[in-house]
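Results of the structural survey
The chain contents come next:
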Amino acid sequence: MSVRLEMKNMTKRYGQFLANEGVSIAVGAGEVHAIVGENGAGKTTLMRMLYGMEEPTSGEILLDGKPVSFRGPDDAIRHGVGMVHQHFMLFPDFTVAENIVIGYEPKRGGFFDRAKAMADATALAERYRIPVSPTAVLGECSIGEQQRVEILKVLYQGAEIIILDEPTAVLTPMEVSELLATIRTLAEAGKSILLITHKLQEVMEVADRITVLRGGKVTGAVAAKDTSAEELARLMVGRDLEQLSERTEQRGEPLLVVHQVTMQEKKKKPVLDQVSFAVHHGEIVGIAGVSGNGQSELLQAISGLAAVQSGTIRLKDTDVTNRTVALIRETGLAHIPEDRYFWGAAKEETVAENALMGYHRLPAFSRGIIIQRKWFHHLVAAWIERFAIKTSSAHEKAGNLSGGNLQKLIVAREMGRETPLLLAAEPTRGVDIGAMETIHQALLEKRNKGDGILLVSSELSEILALSDRILVMFEGRIVGELSRAEATEEKISMLMAGGRGDGSTQATA
Amino acid sequence: MLDIFDSSLVSSTIRMVTPILLAALGGSLCARVGIFNVGLEGFILVGAFAAIVGNHFTGSLWLALLLAAFVTLLFSLLFGYMTVHLRANEIVVGVAINFLGLGLTTFLLRAIFGVKGAFYDKDMQGLPQLQIPVLHDIPLLGPILSGHSPLVYVSFAAAILLYLFYYRSVTGFRVRAVGMNATAAKSIGLNTVRLQYLAISLCGILCGLAGAQLSLGQVTMFTEGMAAGRGFIALVAMMLGQSHPFGILASSLLFGLMDAISIRLQGFSLPTQFTAMLPYILTIAAMFFLKDRGMGSNRASQQSGR
Amino acid sequence: MEALKQLRNSLLQPLIATAIGLAAGAVFISIVGASITETYQQMWNGAFGSFYFFMSTLARSTPILLIALGLAMAFRAGVFNMGAEGQMVLGALSAALVALYMPGAGVIKLLAALITGIVVGGLWSLLAGVLEAKFKIQLLISTLLFNYIAVLFTSYLVSDPFQDKSGSAALAQTAMLEKSVWLPKLFPGMTLHAGFVIAIVAAVGLFLLFRFTSFGYEVKMLGSNPFFALYGGVSQKRVMLISMFVSGGFAGLAGTVEVLGAQYRFVDGALTMPGYAWTGLMAALLANSNPIGVIFASIFLAALQTGAMGVERNTEVPLELASVIQAVLILFISARFTYAWWKKRKQGRESHA
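Quick look at the structure, then. Residue numbering note: each chain is counted from 1, following its sequence as written. Key to labels: chains lettered from A, ligands numbered from 1, both in the order written. Local features are withheld for residues below a pLDDT of 70 in this predicted model, meaning they are given only at 70 or higher, and side-chain atom pairs are given and counted only at 80 or more; totals for whole chains, interfaces and linings count all residues. The side-chain values count all of the structure's non-hydrogen atoms but skip hydrogen atoms and water molecules.

This brings us to the environment of L304 of chain C. Residues and elements named next belong to chain C. Inspection of the secondary structure puts L304 in helix α12 (residues 291-314). Note on L304: relative accessible area 4%, which makes it buried. Spatially, the C-alpha atoms of L304 and L192 are 17 Å apart, while their sequence positions differ by 112 residues. Should any heavy atoms of two residues lie within 4.5 Å, those residues are considered in contact. When near neighbours in sequence (up to four residues on either side) are disregarded, L304 contacts M43, A322, I325 and Q326. By the criteria applied, helices consist of DSSP H or I runs no shorter than four residues and strands consist of E runs no shorter than two, each listed in order from the N terminus. Here's how the labels work: a residue is buried when its accessible area is under 20% of the maximum for its type, exposed when over 50%, partly exposed in between, all with a 1.4 Å probe on protein chains only.

As structure tokens, then:
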């Protein structure tokens, strides 16, 4: 196996922060090379340097033994480096074929030759055995199909080295195994694959060699056959994880009762279909599912951000169906939103002003219509201390906080309301291990105090670690319920893909 | 009331539609690269003024049209520089461009012609009315379709050409890509900045011609603020036509008809203020039917949850 | 330290824009062939050269300031109200009609006229807000179109049903108001009237509202990230409708004080020709919607205009120079003004895809 790509001693510095420090990897033709590490370990930075999106502070990239430096993605593409981004770089109104050829369109007589584009796309799909329908409009394709379009696009551009950034995060278990098969096919065709992920099972299944990153440095470079998932986990985290505090069964009265809730745009498939469940005092109910199966809509329905067409939602015996956000919050709801920048914060405002949201009309912090910010500052200071939020002061712009610290601020704000019900959506997405442990511990403490928590997470490990009960969502419906004792990753995966949890599988979309 | 609807109304509709159609097509180019251009009004005004200046000093209508297109192109590059390079808010820039168009034309009206309010020169020729040989002889249709200023025909041709550009050419395909997902366009190495400038400059040229039609086609004079909201009406026409050239053609025809009717009604005993109000009222009424309500509705992006 | 840095940052951009505006003005002055220093000297004199001129500048800034305050409120909430002109003329005419035809004592009529001006301007503005809230009709466009309708409608009213028929020339204007409803002048022989005091008080009030109240907080957050505000329980519709009413009310008040304090009648075109509404919009942008900053921005822009009148009196340079400087200045102020918004919209657009 000849070495096709070498990255030597790559270092990337942002101000004081070293995102990559002396990272070296070598990838051969026909090799699947996994790069694993926790969030913030520097995987993405390394790949952005390879793809010409970031300039390395120092280090050297060799392609077939010759040093190269890319001025931008187009430059990288010309040298045969392609990237399948985690957030797809596709155009929803264009057809699949158009999405594949864009940038390198076939022409005839100065015009865009769509017939040739269609033929090229079909031929390419057949050659690599990647099933897509070239005439379909992309926006109407499933997530799995969109990803296949991304891969075909990169192949069409002539990539010999293909970077896949967290490709399985958005896929159903069945789509995952299809993707892994495709990856092997590509490797057999001589392509070099760089697979970025933190899912160790998949790595063990598909990779030839594995490089582990932690804190921007390489902590291990091994062949897959010589290692195990456990060893990789240790290399990734650098220590054994803290055990979560013990829990006792303490389920109390029903707190949130969702009954037959349906959300549907006119003439479209319902995004929530007759959803019923309850969250009791003193329990964490986890909702598992591939993202995009109605979890976001469910949270928006409960918190009052989106209207439902039928069904009822009761919180503490009050009917809160289609009531205003303010009223529902007042009734007893706090909400850690799934996207901290979109919903959870105003980046241009200060930490203190961000912390004030939801408190600004509480009698405890205002006199009449006048907000008493001085009274409130003590509370913010206490949060900053308890959650070890790294900020120069409460007057720092929220946008200047790191993702993890902003998330801790949001968690502190929502926990601080001490409401009986907490919606926690992806509470640890993109935060480091330390912050994750802090947040998990805080969620458990809240549960132990007798409050109810509805946890939505795309990380099965998080669901399994925290939940007393687990509900699985698929295509807007609750397709299964498992107790903490009976839940296993396998059972949940099966349900997530639309199966019945007993081994049989329904037709997937 | 019925006798206002006759063939000459259709003919005047075709005439009135031209500035709106040209500007709306220009606006759609900007929309296609993801820029909401509120500055069409200012572009038109500058075009109208440049056309008069060109006509007055060169005596040539063709040079006047060329100057109108060229000056408005330069003006649109200023808009492009602010929105694309300095990344200023496109709405604020659009509003400022409208002020600047108004301020510059009134200032230069004083500075160049030494008059306030309006400039008129009886020796100045307006755009000729083309009698299209074969078309002209068709009974009934002939007088309606023939005998308009060349810009009228240019505007209809522009709609067709723009259709071919968007849906048949590679560059047009890429222009649409930029507006649909700029990050993705960048990631595959498309030069989004160049495509945005291209779209904005074409918009400038089209608006320049729209202005020329106002000052040389319909009348032969320049008055302060003579665009009179047509830029905004064009914006609505663009939204109503969903930035599709033929959709825009249809909606512009509707607004052209309103304009024509409001002029026709002046012959009746209604106060002029009410007839003048008609296009604006009907434009607002048309907005009830907008499917893509643009930035007014954040619902879609809310639903997507991110 | 932090506060000083903030102040510097918030002043930097307006100053740069102003410099660019004046530089562009210089280019146009030299195009006309006049002396740049002399022209700007004349401009300064025309605006601040004597106590009388200074008071005239303040008088001119009064409607501009009131309009800018209303728009500051709307812009802060992320609402693009472009309809100040229509709101101003409708408010002004209604106020004039109340002052003319309502029976009662002068002071009562004065107060009633002021309130009518505010309410009518506010309601006209609110209509656009309701259309957006109920039918999703873009405010930005509808308010622009509403201007034409309002201006034409008032023009009709004063050229037919409420026209002053007493004079020999049939001008489009109402009859003269009686003296008892006039807003008092602040200094004898000067044009500055009590409307200026009202405007300053309003500016301080708005500043306090933004700074200290929960409603002000909601407005700020809504402008900063509407989704965050929604998530936090802020009612976007409510804040939008309130800020539309308030901004329209301020515009109506601007027209009203101009009628009651300066012109003493509603004259067709007298409020629209000087471009008060648009200058007010520019002042709000220039001051980045800060109510105290708006005071200085309004006076500055008014000074450009009164200064330009001085320029026209004493040199060959036409007074439209002021519009050019203003427009260039606003073009460049926006390079920052809503940079954050722009990023957010872009972000929204991308994630939508």
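Structure's up, so let's keep going.
Next up on the list: the interface of chain C and chain A. Tallying the contact residues gives 24 residues for chain C and 30 residues for chain A. The term buried area denotes the loss of accessible surface (1.4 Å probe radius) that occurs when two parts are joined, taken as the sum for both partners. For the pair chain C and chain A, the two sides together bury roughly 2400 Å², of which 57% comes from carbon and sulfur. When the buried surface of chain C facing chain A is broken down by residue, Y217, F228 and Y231 of chain C rank first, second and third, together holding 31% of it. Any carboxyl oxygen of Asp or Glu that lies within 4 Å of a side-chain nitrogen of Lys or Arg is treated as forming a salt bridge with it. The tally of links from chain C across to chain A stands at two salt bridges. Throughout this description, a polar contact denotes any pair of N or O atoms lying within 3.5 Å of each other; where both atoms belong to protein, one of them has to be capable of donating a hydrogen while the other can accept it, and for residues adjacent in sequence the pair is counted only when both atoms sit in side chains. Taken together, chain C and chain A are joined by 16 residue pairs in polar contact (both at pLDDT 80 or more). Take the side of chain C that touches chain A: its biggest share by element is seven residues, from helix α8 (residues 214-224) of chain C. Amino acid classes used here: Ala, Val, Leu, Ile, Met, Phe, Trp, Tyr, Cys and Pro are nonpolar; Asp, Glu, Lys and Arg are charged; the rest, including Gly, are polar. Residue classes in the side of chain C that touches chain A are distributed as 11 nonpolar, seven polar and six charged.

This brings us to unusual backbone geometry. Residues and elements named next belong to chain A. Phi at E475 takes a positive value of approximately 50 degrees, unusual for a residue other than glycine. Counting through the fold element by element, E475 comes out in the loop between β23 (469-474) and β24 (477-483). Here E475 falls in the partly exposed class, since its relative accessible area comes to 24%.

Quick look at the sheet that holds strand β4 (residues 58-63) of chain A now. All names here are of chain A. Strands sit in the order β2-β1-β4-β5 across an open sheet of four strands; the sheet is antiparallel. Both outer strands of the open sheet, β2 (17-28) and β5 (66-68), are each paired with one neighbouring strand and no more. Between one strand axis and the next, the sheet turns by 25 degrees as a mean value, whatever way the strands run. Only the contacting stretch of a helix is used when fitting its axis, a line to C-alpha atoms as for every element, and angles between N-to-C directions run 0 to 180 degrees. Those strands touched by helix α1 (residues 43-50) are β1 (3-14), β2 and β4, and its axis lies near 115 degrees from that of β1. Strand pairing follows a simple DSSP-based rule, namely that at least 2 bridges must link the two strands.

Residue and element names in this part refer to chain A. Mapped onto the elements, V431 comes out in the loop between β21 (421-425) and α14 (433-448). Judged by relative accessible area, V431 falls into the buried class, the value being 2%. The sequence separation of V431 and G404 amounts to 27 residues, and the corresponding C-alpha distance is 4.4 Å. The residues touching V431, leaving out its near neighbours within four places in the chain, are N39, R340, G404, Q407 and M436.

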